[in-house]
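Residue-level structural notes
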Protein chains: 2
Amino acid sequence: MRKVIALTLLSVAAFCATLAAQSGALQYTNDGQMVLPKDYRQWVFLSAGLGMTYKADAAPNANPPFENVFVNPKAYQEFLKTGVWPDKTVLLLEVRASESRVSINKNGRVQSNILHIEGHVKDHAKGGWAFYGFKDGAQKGTLFPKTADCYSCHGQNGAVDTTFVQFYPTLVDPAKKAGSFKETGH
Amino acid sequence: MRKVIALTLLSVAAFCATLAAQSGALQYTNDGQMVLPKDYRQWVFLSAGLGMTYKADAAPNANPPFENVFVNPKAYQEFLKTGVWPDKTVLLLEVRASESRVSINKNGRVQSNILHIEGHVKDHAKGGWAFYGFKDGAQKGTLFPKTADCYSCHGQNGAVDTTFVQFYPTLVDPAKKAGSFKETGH
């Protein structure tokens, strides 16, 4: 009986460890780079845009990229309940090339290879939100300096706490209900 | 001590029940309609296309829809390992309208409201793969008759087992490795 209990508790511990590893726990290297979460493609998808630009005079793009945004499941579930992002929230922007004539597809655009990835993480221990860039398949992301445009743009235009919730359909209502949604316009 | 063990086991049971509820277990109504899984937006995202059409002479669409595809996590994890879909796999196609001038966005397209949802499910007990349509926010999906175009098109052109794995970047390699990938062309 004792053996059974011990084994049960061991299984539970192992199971919980697996869950913790999949929960998107934020990790850094010793020199402060962000570690790309291995399982982010199994995180919660927030939305995808195609060829989005924030500048009115941007040149037309014949091969516009897709931008998929994912968030760690724990942060998503908390946002649904509270309308705010908890500490250690990790948002990942996965930028992919687009193609048209793939397999039987004739028009419109489909997603192909990854161009680059960016992380946007909320970490109180490091002074709040920060952006990290993962280039050319890198598994470690380099911190964008706080003077980079992304910080000021997200600060001014993010609907909720420097994040672009205005583009994430399932999160708009929870944020509005919680009173955390800021209207942003042209 | 016994109380502690009983409580621990109860917690584990409750936890497992929660996981089972989130695993995408396929459910039908008494009259054979498919029940829309409440948490499918927390399932695994496979890809998003914009304005995809399989007909060469389709008219240009000024407001092309986005098509997001989700799969239940258990089926995804099994596909990564084996390159084949297990029984009770549920794929959900969520079709959303697109817009351009939302918030600070100036060009390209962003996702807005849901237009309709379709389910594609593998259920050995019901004779294999079937399609279900969820219209106008319906929580129950109606079976498409087996004579509908979707069956013949997916049968002929689906890269793996009547599914369009050719459009799901993270699944192409596992399928090719397993030898389950069928090339499809123009």
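This text gives an overview of the structure that appears in the document. These numbers come from a predicted model, not from an experiment.

What to know about the relation of the copies chain B and chain A
Structural alignment of chain B on chain A gives an RMSD of 0.0 Å, achieved by rotating through 180 degrees and translating 0.0 Å along the axis. In the structure described here, the two chain copies are related by an operation that fits a two-fold rotation axis. Nearest to the rotation axis, the C-alpha of Phe45 of chain B is located 3.0 Å from it, this being the minimum over chain B. In this assembly, 100% of the residues forming the interface of chain B have copies in chain A that are likewise at the interface, indicating an isologous arrangement.

Describing the nonpolar core
Generally speaking, soluble globular proteins have nonpolar side chains that are buried together. Core analysis: the largest hydrophobic core is formed by 63 residues, its most contacted members being Leu46, Phe70 and Val71 of chain A together with Leu46, Phe70 and Val71 of chain B. If one sorts the elements of this core by residue count, strand S6 (residues 128–135) of chain A sits on top with five residues. With six residues, the next largest nonpolar core counts Ala48 and Phe66 of chain A together with Leu50 and Phe66 of chain B among its residues.

Notes on the interface of chain B and chain A
Listed as interface residues are 42 residues of chain B and, on the opposing side, 42 residues of chain A. Only helix H1 (2–22), strand S2 (44–53), strand S3 (66–71), helix H2 (73–82), strand S5 (107–123) and helix H4 (169–178) of chain B provide two or more residues apiece to the side of chain B that touches chain A. Split into classes, the residues belonging to the side of chain B that touches chain A amount to 19 nonpolar, 18 polar and five charged. When strand S2 (residues 44–53) of chain A meets S5 of chain B, the two strands line up antiparallel, connected through two bridges. Residue pairing across strands places Leu50 of chain A opposite Arg109 of chain B, the latter belonging to S5 of chain B.

Digging into unusual backbone geometry
For Asp161 of chain A, which is not glycine, the phi dihedral falls at a positive 50 degrees. Inspection of the secondary structure assignment puts Asp161 of chain A in the loop between helix H3 (149–157) and helix H4 (169–178). Here Asp161 of chain A falls in the partly exposed class, since 19 other C-beta atoms lie within 10 Å of it. Even without being a glycine, Thr162 of chain B presents a positive backbone phi close to 65 degrees. Along the polypeptide, Thr162 of chain B turns up in the loop between helix H3 (149–157) and H4.

Parameters at a glance
- Within every chain, residues take consecutive numbers counted from 1 along the sequence as written.
- All chains are assigned letters beginning at A, and all ligands numbers beginning at 1, according to the order in which they are written.
- The model is predicted, so local features are restricted to residues of pLDDT at least 70 and side-chain atom pairs to those at 80 or more, both for listing and for counting; the totals for chains, interfaces and linings are taken over all residues.
- C-alpha atoms of residues with pLDDT of at least 70 in both copies form the basis for the least-squares superposition of the copies.
- Note that contacts rest on C-beta atoms placed from the backbone: two residues are in contact if these are within 7 Å.
- Each nonpolar core consists of buried Ala, Val, Leu, Ile, Met, Phe, Trp, Tyr and Cys residues. Their C-beta atoms, within 7 Å, join them into a set.
- Exposure in this text rests on C-beta crowding, where 20 or more other C-beta atoms within 10 Å of a residue's own make it buried, 12 or fewer make it exposed, and counts in between make it partly exposed. The C-beta atoms are placed from the backbone.
- Comment: elements are numbered from the N terminus, with helices defined as DSSP H or I runs of at least four residues and strands as E runs of at least two.
- Three classes are used: nonpolar for Ala, Val, Leu, Ile, Met, Phe, Trp, Tyr, Cys and Pro, charged for Asp, Glu, Lys and Arg, and polar for all others, with Gly counted as polar.
- For two strands to be treated as a pair, DSSP must find no fewer than two bridges joining them.

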